[in-house]
Every structure is written in structure tokens, then in C-alpha cells.
Amino acid sequence: MTSAVLDVRDLTKHYGDVVAVDGVSFRVGAGEIFGFLGPNGAGKTTTINALTGLVDPTGGEISVLGLAYPGHISEAQGHIGVVPDESNLYGEMDGFGNLCFCAALYGLPRRVREPRARELLDRFDLAEVGRRPFAAYSRGMKRKLTIAAALIHRPQILFLDEPTTGIDVASARQIRRLLGDLNADGVTIFLTTHYIEEAERLCHRIAFIVAGRIVRIDTKESLLAEADGSSSLLLALDGNLEEGARLLGESFPDIAIARNPEGNLLLTAADELELLPLLQRLHEGGVKVYEARIARPSLEDVFVRVTGIEAREMKAAEGRGRG
Amino acid sequence: MKAAIAFWAILAKDMRNYYLKPPNISWGIIFPVSWTLMFFLRSRGAPMDIKDLLPGVMAMSVLFGTTSMLAVTITFEKRHRSFERLLLAPIGLNLLMLAKTSGAITFGVINSAVPIVLASFLVDLSGTTWLTVLPAVLFIAMSSTFLGLFIAVSVSEVFEAQTFSNFFRFPMVFLCGLFLPLGDLPAVIRPLSYVLPLTYGNDLLRHAFLGAGVLNPAVSWVMLPLFTALLFAMSIRNAKRSWIS
């Protein structure tokens, strides 16, 4: 890791008796895309709010670009951009006006902020709707303008809280591409998400956070290499999944058995899985197998193994609250 | 310089988006006219002392204009989370709050001018001490605005801001000597008048327009800025507790 632009030690946040963040420590290097991955209520948003100055931590130390909180918080805020989990620009103002207003909040004079606003509207394909009120934008357009607003003052670190949640596939793809471009330009990105595929596609390093604690932190390559050591198999059964899982669980206790979102059984083992004994056991138990194929190891497998939380649980939790 | 740009941007945005909207401008005109008309009807055709009414109507226009607008706009922005943008700006909470309240203060001062303009067509205002009127109005606007800020910090919904504002405002109309002389208040209630900043602002206006008030102007000039500073400090302390908790 290059020199740390973000240094967090023992960050803790209590809301009364509720511990939202519990002794979280990590460092983010310059130019990194750092992913914070966890289910809703895990403490992702609270952590991001503490790092951006919206929440006063109960304990711990935060340093952004060498500027220690809380003493230098305002100074640090001048170097960071924040994209909250909801697009929160001013509905009655147009896109151009919103960007100019945000630029003025960072002290940019008119001769600088207006060309910069136009540049960002172009970059985010919003130039044609730049004079339309923000309230009239589509969800994807709102998201893009919110990211543009966070970049208006050319921040060194960009914090994004669930940037693609609730928007259409095309806009999400465009946002991911833009984030990649920004990172190539040298912007350090801190990303919270509960989309595992998004973290896998974008991030250099990833931290898994569950119940306010970081349970694993590593480079994407290391995490995937860990998954490569195991073997996974997908079995499509005749619908009797419970019985199939029970039969295999009793006969092969070393194999982890889970259901995937498509309704198949996902079998994972530390050693190579042999197909024939599995099929034989299911056949003996009267369970028909329609399809069996090797599953590509993914970050999702690592996440499930490390946290014990199924990816579908994270997706189901989406919309039930913030993390 | 950067802080000045941010300050001006917040002030200009609030004036444009909230305070100078047609419904607010018409409110600023209708409110003092309605109150004056009410007193006119109550007098049943007897000659009415417009000059005697003017300080009360002015003070009330400022009080109602500033408290409700600020409390509602901040609560509205908090609800839509656009207020977070301001909290994330590198300007510090004190400057942010001054910028947010400056719009309301300006709106309050402009509101106070409406009764003066209307009264100038009906009575001779040549004996008025204008050097007292302007700072007195400014301090009434500031203390009322900071009361609105105190309310905004204490509530989370727009309707709560409205009802909580009225909890303070309507008693103030009767306790601060706006239309009912302080001397006519029951002795038990009177101490309450002296813990309300509007009492001192209204009394200064009575000195300026009528040449006579109940209190020594020196006392009012001390108490009014004191209340203003106290309300601002309390609001900032509460804002730190509830917005950056």
C-alpha cells in the first residue's frame, strides 16, 4: 500500500446502548479504491459519516490526508467529496445551479466554478438537462449529478455510500466506468456497498464489516485466491432442495451446503469435489438431479465463508434501512 | 475569501429559493395590514393612534416572519438531507449558522419596513428617531431568527417547527407589550415579559416613534444583544449535539 491518505484507529460509535461501530481500524492508500462491504445495519454509513465529519465518534482516531479529527476537520472537508446514499441536491434548482452552488460552498470563485460545472455536466452526459430542475431528473440522472457535485472542488478522496443502489443497469454501468476513470486520474475512492459484484469489479482492497466490526480486510486478489483453493458445485434438483441438502449433509459432513438465489444447491469444499458419489447418494435418496456444474469461485463465496451471511440476505435487506 | 464566497452563496440561495418567493412577499404585506385593520375595526370608527400601533405591528411582523421561515427552511432541508451538503462544507458550524440566519434576518428587516411605508401615508413620522429604529429592528430580527434557529434544532418535522414556533410566538404577542402595555399585565405574569427579548426591542421602538417607553433604553440596549448572543450560543450547542452526534 502507498502512503495512507486515510488512517482510522479503533473507531467506535455508540447510540445509547446500541454499538453501531465497534473498534474499526484500517488504512487507505493514495490512489486506492477501498471497498467497505457488509449488510444493512453493519455500520457502513455510520463509518462514512464519521470519516466525513457528519458524526462525532464515541472513540478512536481519524486522520484524513494527515489532518487529525476533530481539530482539523474543516480543513480535511475541503479535500474530500461525499456522495451520500440518497441524492440530496436542491430539487428546485437546476443541475448547473446545483453544481455552482456546491462549488461556492468550497469557496470557488465564479470564474472557476461555472466552467467546472459545465465540464462535469459534459463528463456525466448531463449537459442537455443542465438547465432542468433537479427534481425533474430521473433517478440515474440524480445519482450522476450527485457524484458530479461531490467532484466539483476536485477532491483527493471521494466517499461513496451505496452509489448504484436503486438505479437502472445502464446508469449503474456508467457510474462504475466513471469511478474507474476518476481513480485512473488519481482520486482515492472509499466505497460502501452491499453489491458484492460491484466491490469485486471496482475495488483494490475490501473490508468485510458485520455488526460494527471488520471481520476481514485484504486485497481483492488475496481474497479471490483464497476462494480458488476451494471447489464449488451447483446442483439443480427436482425441487426437493430440503431433502437433497439433508441427504448430502448427512453423508458428506465436510461439504458446506447452501442455497443460491436461483434455487439451486451450492456445494463448497476445501478439496476437490467428486461428482459421482454425490449424484449416487441423491439417486439413492430419490432426489433427481437435472444439472450439475462447477461454480466459478467469487468474492461472494469468500464473503459467505468469512461472515456467514448469504449474499441474498444482504440483497433482501436492501431498502430496510441504512448500514 | 473562501468563507465569504460560501457565506454569500448560502445567503443568496436562501433568499432566492425561500424568502423572495411571491407567497412570502405577499405575507410580508398582508400580515401588518391585517393587524392594523383588526385594530381599526375594533376601534369602531373612533380615531386610532396609528403611531401607537406601529412599534407593535413592526415587532410582530419581524417576529412572525423570521421565526417561522427559518425554522421551516432548516427543517425542510434536514428532511430532504440537502442540509448535509452544508454540514460537509469546509466552513465550520458557526459560519454556516450565521449564513443560514442572515437570510431570515434580512427578510425580517424588510418585513419591518412594510408597516413603516404604510403608516407614512397616514401619519406624520417626522419626529421619529431613525437612528434607534434601524438597530432596534436589526436586533429584534436577530433575536427572533435565533429563536427560530433554536426551534429548528429542536424539531425534526416541518409541522413540528410550525407548532413549536407558535408555542413561543403567541404568548410573546401578549407578554412583550406589543399591544397591551406592560403596566397593565398582572404582577404575577410581568416577570415573564422581562425574560423575552421582544419586550426590549418593542420598548426601543416605542422610544423611537413615540418618544416614551416603559424601560430605560440603556437597559434595552444591553439586554437585547445579550439575549441575541445567548440564543445563538444555545442553538449552536444544541446543533452540535443533535446534528453532529
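Residues numbered from 1 in each chain as written. Chains lettered and ligands numbered in written order. Predicted model: local features only at pLDDT ≥ 70, side-chain atom pairs only at ≥ 80, totals over all residues. Heavy atoms only, no water.

S.K.: Help me understand the overall build of chain A in this model?
M.R.: Each helix and strand counted, chain A has 12 helices and 14 strands in total. A total of 323 residues make up chain A; the buried ones form 54% of that total. Within chain A, residue pairs in contact and separated by at least 24 positions form 70% of the contacts whose partners lie at least 6 positions apart. Put simply, chain A shows about 14200 Å² of open surface, and 48% of that area lies on carbon and sulfur atoms. Side-chain charges in chain A split into 36 positive and 45 negative, and the spacing between the mean points of these groups amounts to 7 Å. (Helix = DSSP H or I, 4+ residues; strand = E, 2+ residues; numbered from the N terminus. Buried < 20%, exposed > 50% of the residue type's maximum accessible area, 1.4 Å probe, protein only. Contact = heavy atoms within 4.5 Å. Areas by Shrake-Rupley, 256 points an atom, 1.4 Å probe, with all protein chains shown as cover. Lys, Arg positive; Asp, Glu negative; His and termini not counted. Charge placed at Lys NZ, Arg CZ, Asp CG, Glu CD.)

S.K.: What is the right way to read the pairing of strand β10 (residues 213–219) of chain A from this model?
M.R.: All names here are of chain A. Two elements, strand β9 (residues 205–210) and β10, share 6 bridges in a ladder whose sense is antiparallel. Within β10, the position partnered with Ala-207 by the bridge is Ile-217. Hairpin connection, β9 to β10: the antiparallel pair is bridged by 2 residues, and Ala-211 has positive phi, about 50°. (Pairing = 2+ DSSP bridges.)

S.K.: Quick question: what am I supposed to make of the sheet that holds strand β1 (residues 4–15) of chain A here?
M.R.: Strand pairing in a sheet relies on backbone hydrogen bonds. The paired strands run either parallel or antiparallel. All names here are of chain A. Pairing is antiparallel in the open sheet, where 4 strands are placed in the order β2-β1-β4-β5. Each end of this open sheet is capped by a strand with a single partner; those strands are β2 (18–29) and β5 (67–68). Two strands pair when backbone bridges link them, and strand β4 (residues 59–64) and β5 are joined in this way by 2 bridges, in the antiparallel orientation. Bridging across to β5, Val-64 finds its partner in Leu-67. Its contacts with the sheet place helix α1 (residues 44–52) against β1, β2 and β4, and it is angled at close to 120° to β1. (Axes fitted to C-alpha atoms, helices over the stretch in contact; angles between N-to-C directions.)

S.K.: Sorry if this is basic, but what is going on with the packing of helix α3 (residues 50–79) of chain B against helix α9 (residues 197–210) of chain B here?
M.R.: The relative placement of two packed helices comes down to the angle between their axes together with the axis-to-axis distance. Residues and elements named next belong to chain B. Remark: α3 packs on α9, axes separated minimally by 9 Å, with the N-to-C direction vectors making an angle of 145°. Viewed along their axes, α3 and α9 form a crossing whose handedness is right-handed. Facing α3, whose interface residues are Lys-51, Asp-52, Leu-54, Pro-55, Gly-56, Met-58, Ala-59 and Leu-63, α9 presents Leu-198, Asn-202, Leu-205, Arg-206, Phe-209 and Leu-210. Along the lines of polarity and charge, the residues of the contact of α3 with α9 split into 9 nonpolar, 2 polar and 3 charged. (Left-handed = near helix turned anticlockwise from the far one by under 90°. Nonpolar A, V, L, I, M, F, W, Y, C, P; charged D, E, K, R; others polar.)

S.K.: So what exactly am I meant to see when it comes to the confidence of the model for chain A here?
M.R.: Detailed reading of the predicted coordinates is not advisable wherever pLDDT is low. Residue and element names in this part refer to chain A. On average, residues of chain A carry a pLDDT of 87, and 93% of them reach 70 or more. For chain A, helix α12 (residues 311–317) is the element with the lowest average pLDDT, namely 55, and helix α3 (residues 95–105) is the one with the highest, namely 96. Scored below 50 in pLDDT, residues 319–323 shows 15 contacts in the model against residues more than four places distant or in partner chains. (pLDDT = per-residue confidence, 0-100.)

S.K.: Explain empty space enclosed by the protein to me, please; I cannot follow it from the model alone.
M.R.: According to the stated counting rule, one finds 2 cavities of 30 Å³ or more in the structure shown. Size it by volume and the largest cavity reaches roughly 60 Å³. As for the largest cavity, its lining consists of A:Gly81, A:Val82, A:Cys102, A:Leu105, A:Tyr106, A:Ala149, A:Ala150, A:His153, B:Arg85 and B:Leu88. Counting only elements with at least two residues in the lining of the largest cavity, the list comes to β6 (80–83), α3 and α5 (139–151) of chain A together with α4 (83–88) of chain B. A per-class count over the lining of the largest cavity returns 7 nonpolar, 2 polar and 1 charged. Of the pockets and cavities examined, the second largest cavity occupies roughly 50 Å³. A:Ile48, A:Asn49, A:Pro84, A:Asp161 and B:Arg81 are the residues nearest the centre of the second largest cavity, which is lined by 12 residues in total. Sorting elements by how many residues they give to the lining of the second largest cavity places α1(A) first, with 4 residues. (1 Å grid on protein atoms, 1.4 Å probe; cavity = no way out; pocket = protein on both sides within 12 Å on 5 of 7 lines; lining within 4 Å. Points joined across faces, edges and corners; volume = space filled by probe spheres on them.)

S.K.: Sorry, what's going on with the side chain of A:Gln77 here?
M.R.: Along the polypeptide, A:Gln77 turns up in helix α2 (residues 73–77). A polar atom in the side chain of A:Gln77 sits 3.1 Å from the backbone oxygen of A:Thr52. For A:Gln77, the residues in contact, after removing those within four places along its chain, are A:Thr52, A:Gly53, A:Tyr106, A:His153, B:Leu87, B:Leu88, B:Ala89 and B:Pro90. (Polar contact = N/O pair within 3.5 Å; in protein donor to acceptor, adjacent residues only side chain to side chain.)

S.K.: I would appreciate a short explanation of helix α10 (residues 217–243) of chain B in the present structure.
M.R.: Note that an α-helix has 3.6 residues per turn; residues three or four places apart therefore point the same way. Residue and element names in this part refer to chain B. For α10, spanning 27 residues, the distance from its first C-alpha to its last is 38 Å, which sits close to the expected 39 Å at 1.5 Å a residue. What α10 keeps buried is the set Ser-220, Leu-224, Phe-227, Thr-228, Leu-231, Phe-232, Ser-235, Ile-236, Asn-238, Ala-239 and Trp-243. Looking at the buried residues of α10, the elements they touch are α3, α4, α5 (93–120), α6 (130–154) and α9. The opening residue of α10 is Asn-216, an N-cap whose side-chain oxygen sits 3.0 Å from the backbone nitrogen of Ala-218. (Expected span 1.5 Å × (residues − 1).)

S.K.: Honestly, the interface of chain A and chain B in this entry has me stumped. Any pointers?
M.R.: Quoted interface sizes are often the accessible area lost when the parts come together. Taken together, the contact pairs 31 residues of chain A with 24 residues of chain B. Taken over both partners, the interface formed by chain A and chain B buries close to 2400 Å², and the fraction arising from carbon and sulfur atoms is 58%. It is A:Leu54, A:Tyr90 and A:Leu105 in chain A that bury the most area against chain B; as a group they hold 28% of the surface buried on that side. Our count for the contact surface shared by chain A and chain B stands at 2 salt bridges. For A:Glu86, the salt bridge goes to B:Arg81, with nearest N and O atoms at 3.4 Å. Our count for the contact surface shared by chain A and chain B stands at 7 residue pairs in polar contact (both at pLDDT 80 or more). (Buried area = accessible area lost by both parts, 1.4 Å probe. Salt bridge = Lys/Arg side-chain N within 4 Å of Asp/Glu carboxyl O.)

S.K.: Even after reading the chapter, I still don't get unusual backbone geometry, so can you show me in this structure?
M.R.: Leaving glycine out, the prevailing phi sign among residues is negative, and the prevailing peptide bond configuration is trans. Residue and element names in this part refer to chain A. For the bond running from Tyr-69 to Pro-70, omega is -5°, close enough to zero to count as cis. One non-glycine residue, Asp-125, lies in positive phi territory at about 55°. In this fold, Asp-125 is placed in the loop between α4 (110–123) and α5. With a phi angle near 50°, Arg-154 is a residue other than glycine that sits in the positive phi range. Structurally, Arg-154 is set in the loop between α5 and β7 (157–161). The class of Arg-154 is exposed, set by a relative accessible area of 55%.

S.K.: Explain a negative patch on the surface here, please?
M.R.: Together, A:Asp254, A:Asp271, A:Glu272 and A:Glu274 line one region of the surface with negative charge. Looking at the secondary structure, you find A:Glu274 in the loop between β13 (265–269) and α10 (275–284). (Patch = residues over 30% accessible without salt bridge, like charges linked within 9 Å, V, L, I, M, F, W, Y side chains within 5 Å.)

S.K.: Got a minute to help me understand the sheet that holds β6(A) in this structure?
M.R.: Residues and elements named next belong to chain A. Across the sheet, which stays open at both edges, the 6 strands sit in the order β6-β7-β8-β3-β9-β10 with mixed pairing between neighbours. Strand pairing shows two members of the sheet lacking a second neighbour, β6 and β10, which therefore form its edges. Within the sheet, the average angular offset between the axes of one strand and its neighbour, ignoring direction, is 15°. As judged from the 4 bridges shared by β6 and β7, these two strands associate in the parallel manner. Looking across to β7, one finds that Gly-81 is bridged to Leu-158.

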